[in-house]
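Examination of the molecular architecture
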There are 2 protein chains.
Amino acid sequence: MQMELISKLAIPGESKLVLLVFDGLGGLDNAGRGTALEAAAVPNLDALAKESVTGFHNPIGTGITPGSGPAHLSLFGYDPLRFPIGRGVLEALGVDFPLQKGDVPARINFCTIGPDGNITDRRAGRIPSEEGARVVQKLAENIRISGVEVSLRHVKEYRAAVVLRGEGLGGAIADTDPQAVGKKPLPPTPLQDTPENQKTAALFAEFLKQAEQILKDEPRANMLTLRGVDLFHPLPSFRELYHLTPASIAVYPMYKGVSRLAGMSVQEYGQDNPEQEFDILEKVWPDFDYFFVHIKKTDSYGEDGNFEGRIHVLEEVDALIPRLRALNPDVIAVTGDHSTPSPLKSHSWHPVPLMVYSKHCRADQVTAFNETALLQGGLGTIPGTSILPLMLANGLRMTKFGA
Amino acid sequence: MQMELISKLAIPGESKLVLLVFDGLGGLDNAGRGTALEAAAVPNLDALAKESVTGFHNPIGTGITPGSGPAHLSLFGYDPLRFPIGRGVLEALGVDFPLQKGDVPARINFCTIGPDGNITDRRAGRIPSEEGARVVQKLAENIRISGVEVSLRHVKEYRAAVVLRGEGLGGAIADTDPQAVGKKPLPPTPLQDTPENQKTAALFAEFLKQAEQILKDEPRANMLTLRGVDLFHPLPSFRELYHLTPASIAVYPMYKGVSRLAGMSVQEYGQDNPEQEFDILEKVWPDFDYFFVHIKKTDSYGEDGNFEGRIHVLEEVDALIPRLRALNPDVIAVTGDHSTPSPLKSHSWHPVPLMVYSKHCRADQVTAFNETALLQGGLGTIPGTSILPLMLANGLRMTKFGA
């Protein structure tokens, strides 16, 4: 409803909008030093806060700790409860697989079976990534199933992703992992009895039969199980919803993946650090009007409990902010997808710092961009899905509701 | 939906959560002295506020004044709009009747009828409670209906509750009160024509027939009407929803009743004041991991317009807070079920003061627990149903949503 309403009100325009996401931005006090944002010297973000309306957002809901996929959907204006991302889709996105409508992705776990066909290790002895990659390669070279395109990608260690592409496939197939050793892998079974699911189940049965043959001489990864089978439905794109031409500038596959879900043009120029991401931003600036710029390491360091690392990334990116300002965007939103406090070493439920700059934002009295200062902000705590409408509004890209 | 989502994310844990409810906590300025919380000396609550994230909650919605039943459901995480409590259920809960699934409670109003059977007084001359209790006793001793168990409880003055327990009963029966004197009581009539409702209507018809006989010599309460007939459906319990083992420590029957609705273990040790409630809390501390502690008199004094009384109760309980802290709970939420400002002498719609303490709560800058100070809190005003998820999150008892 909300998305449809915003879509209906959205109008074309010339303004340019930037969403700068520090992954895992929000934090907690670290031994009396405050949060990473409080301990970091971020004069350029603070200066932007002075000209912004500020506060927090809740990506999913009060108390709920978001995963990265749904958290980004929320930032992009898609209700993550309404658009759940299946595990298979997520795994394919995570390795940057360009899913198309009707594709059926699934997650693969390599396992070890004994001579009787029973599973002896559900994770194939946690084989190293090199061995996993080799086995995936071997599978990919030898699998031949008529009437469907089978794509394989290694993910990590014993994990991989498979995508079936063909006509009339279904996605409601039960996991084949029996969830215990000493049992045979389960056959792929439709969860609902439709011709599409029957067809997919038969294809996966053939896939597993061939896989067992192809892998039979492997010492550890001599079989595999399928989980999270899912039929891929693309989301309505930014272009059709909001008259936006969006670009995504991100380093990690997962974020490229969710950007593709929203129909963003994923910029692939080999960027692998914030400075290079800002290079790309400048380079493609004339070609788009919505820019998602994703900074990963605030989250990675948070997960590692590395407070200094978080401070360093914040200061590194802060120093790049003048380059962003020099482009003179009409709207700049700076936030995170969720909090990752280094004391917790994990994603958390805490509301995420947020500021939205535009000439028309009605700036509040906040003069610093951190968790304490933002408590006085003009936004309070808003749902994550409200950020996109707020950016559109500040870009003068929404008409009024009713007369 | 929200409750199902929280339930899905909830995980078992070792943490202990306490919900301390001052009934009717929120107030209004009293002749320039501020609210009761502002006028009271509550150093221990203030100290807790310093370590907490604070703000307000709205039990039902903006502008809506809650009754105690729905307000507590909200505190317990049940959407009170989705789980309405019928008047019959509420009356039975109010006298602490242990309702079971399929029970049919109804509210009884004693009335006076003349020789022609027409009602001359719909409230039996507002008989005193002693007379009401005697009449209920007389009824209970003489009613005999085969195939169903009939339980009676006196409530107050001319009011009582009746519960039918048996197989295959329905709850959709029209009130028998004609809403006017000079008319006969209406027969119990099914609102929907089902065998269950037919059966219940027939049982209530028999009940009323016998009651008229049993009460025929009473000078005032010589007949009764039935209202708010309802079929009791228990709520999903805290245990099944959230892996919690909850205890309820409350003095008044109504609050024991709503606790039972949530599957709480109601502690019955004859406690009748806050100090004794804290005794119980200490006694049962090892046995549970969620503790609902209910302080009634903040509300009673508010309803009486007794500002000093409210201050006294707040100070009395504040002095007990160190005993709570000594138990070292992982999470403490302190709030009310609704506001009961003494100047209004009634429940009100005003948002209710709230603080949630844990090691991971992201404490804000608030240093006092009162309506003015909390305006600077980090929570803003959240729905009452968000308190439980927030407590679970702070107790590290929820996994993340999506990957």
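Not measured: the values here are computed from a predicted model.

1. Things to note about the overall build of chain A
Helices and strands together make up the secondary structure of chain A, namely 14 helices and 13 strands. Taken over C-alpha atoms, the radius of gyration comes to 23 Å for chain A, in line with the 22 Å a tight globule of 403 residues would show. Reported as C-alpha extents along the three principal axes, the dimensions of chain A are approximately 70 × 55 × 40 Å. Looking at chain A as a whole, 59% of its 403 residues are labelled buried. Once local pairs closer than 6 in sequence are excluded, the contacts in chain A between residues at least 24 apart make up 75%.

2. Focus on the packing of aromatic side chains
In this description, a pair of aromatic rings is defined by centroid distance and the angle of the planes. Residue and element names in this part refer to chain A. Tallied over the entire structure, the rule returns 18 aromatic pairs over all chains. Look at Tyr78 and Phe83: their rings are 5.9 Å apart centre to centre, the planes differ by 90°, and that puts the pair in the edge-to-face class. Ring geometry for Tyr78 and Phe238: centres 6.3 Å apart, planes at 35°, overall tilted. A residue pair is termed long-range when its members are at least 10 positions apart, and Tyr78 in the loop between helix 4 (68-75) and helix 5 (87-94) and Phe238 in helix 8 (residues 238-242) qualify at 160 residues. A relative accessible area of 0% means that Tyr78 is categorised as buried. Over the ring of Tyr357 we find Arg325; its NZ or CZ atom is 5.0 Å from the centre of that ring.

3. Observations regarding the relation of the copies chain A and chain B
One copy of the chain maps onto the other through a rotation about an axis followed by a shift along the same axis. It takes a turn of 123° to lay chain A on chain B, together with a shift of 0.2 Å along the axis; the resulting RMSD is 0.2 Å. The transformation just described matches what one would write down for a three-fold rotation axis. Little of the interface of chain A is mirrored in chain B, where only 4% of its interface residues are also at the interface.

4. Structural notes on the layout of surface pockets
Considered as a void within the structure, the second largest pocket measures approximately 730 Å³ in volume. If you go around the second largest pocket, you meet 21 residues; those closest to its centre are A:Leu90, A:Glu91, A:Arg159, A:Met254 and B:Ala403. Among the secondary structure elements, those contributing two or more residues to the lining of the second largest pocket are helix 5, strand 5 (149-156), helix 9 (253-261) and helix 11 (297-303) of chain A. Here the lining of the second largest pocket gets four residues from one element, more than from any other, and that element is helix 5 of chain A. In the lining of the second largest pocket, the residues fall into eight nonpolar, four polar and nine charged. For the lining of the second largest pocket, the domains that each give at least three residues are domain 1 (2-83 + 236-394) and domain 2 (89-227) of chain A.

5. Let's talk about unusual backbone geometry
Backbone geometry at A:Glu157 places phi at a positive 45°, although glycine is not the residue there. Positionally, A:Glu157 belongs in the loop between strand 5 and strand 6 (159-165). Notably, B:Leu396 is not glycine yet its phi reads approximately 55°, a positive angle. Mapping B:Leu396 onto the fold places it in the segment after helix 14 (387-394).

6. Some thoughts on the sheet that holds strand 10 (residues 290-295) of chain A
Residue and element names in this part refer to chain A. Strand order in the open sheet formed by eight strands is 9-8-10-1-11-12-2-13, and the pairing between neighbours is mixed. The open sheet has two edge strands, strand 9 (265-266) and strand 13 (380-383), and neither has a second partner. The pairing of strand 11 (residues 331-335) with strand 12 (residues 352-357) spans four bridges and is antiparallel. Bridge assignment links Val334 to a residue of strand 12, and that residue is Met355.

7. So, the nonpolar core
Within the largest apolar cluster, 56 residues are counted, with the highest numbers of intra-cluster contacts made by B:Leu19, B:Phe76, B:Tyr78, B:Phe238, B:Tyr242 and B:Tyr290. No other element matches helix 14 of chain B, which puts six residues into this core. In terms of nonpolar packing, the next biggest core, distinct from the first, is built from 46 residues, A:Met3, A:Phe76, A:Tyr242 and A:Val356 among them.

8. Topic: the domain arrangement of chain A
Residues and elements named next belong to chain A. Domains assigned within chain A are domain 1 (2-83 + 236-394) and domain 2 (89-227). Computed from C-alpha atoms alone, the centre-to-centre distance between domain 1 and domain 2 is 36 Å. Of the residues lining the interface, nine residues belong to domain 1; the matching set on domain 2 comes to five residues. Across the interface of domain 1 and domain 2, roughly 560 Å² is buried in total on both sides, 67% from carbon and sulfur atoms. It is Pro253, Met254 and Arg260 that lose the most area in domain 1 upon contact with domain 2, and together they represent 60% of the buried surface on that side. Counting across the domain 1 and domain 2 interface gives zero salt bridges. The tally of links between domain 1 and domain 2 comes to zero residue pairs in polar contact (both at pLDDT 80 or more). Top element by residues in the side of domain 1 that touches domain 2 is helix 9. It accounts for seven residues. Taken together, the residues of the side of domain 1 that touches domain 2 break down into four nonpolar, two polar and three charged.

Cut-offs applied
Residues numbered from 1 in each chain as written. Chains lettered and ligands numbered in written order. Predicted model: local features only at pLDDT ≥ 70, side-chain atom pairs only at ≥ 80, totals over all residues. Heavy atoms only, no water. Helix = DSSP H or I, 4+ residues; strand = E, 2+ residues; numbered from the N terminus. Rg over C-alpha atoms; globule rule 2.2 N^0.38 Å. Buried < 20%, exposed > 50% of the residue type's maximum accessible area, 1.4 Å probe, protein only. Contact = heavy atoms within 4.5 Å. Phe/Tyr/Trp six-rings, centres within 6.5 Å; stacked < 30°, edge-to-face > 60°. Lys NZ or Arg CZ within 6 Å of the ring centre and 35° of its normal. Least-squares fit on C-alpha atoms with pLDDT ≥ 70 in both. 1 Å grid on protein atoms, 1.4 Å probe; cavity = no way out; pocket = protein on both sides within 12 Å on 5 of 7 lines; lining within 4 Å. Points joined across faces, edges and corners; volume = space filled by probe spheres on them. Nonpolar A, V, L, I, M, F, W, Y, C, P; charged D, E, K, R; others polar. Domains from an automatic or database assignment. Pairing = 2+ DSSP bridges. Core = buried A, V, L, I, M, F, W, Y, C linked by side-chain atoms within 4.5 Å. Buried area = accessible area lost by both parts, 1.4 Å probe. Salt bridge = Lys/Arg side-chain N within 4 Å of Asp/Glu carboxyl O. Polar contact = N/O pair within 3.5 Å; in protein donor to acceptor, adjacent residues only side chain to side chain.

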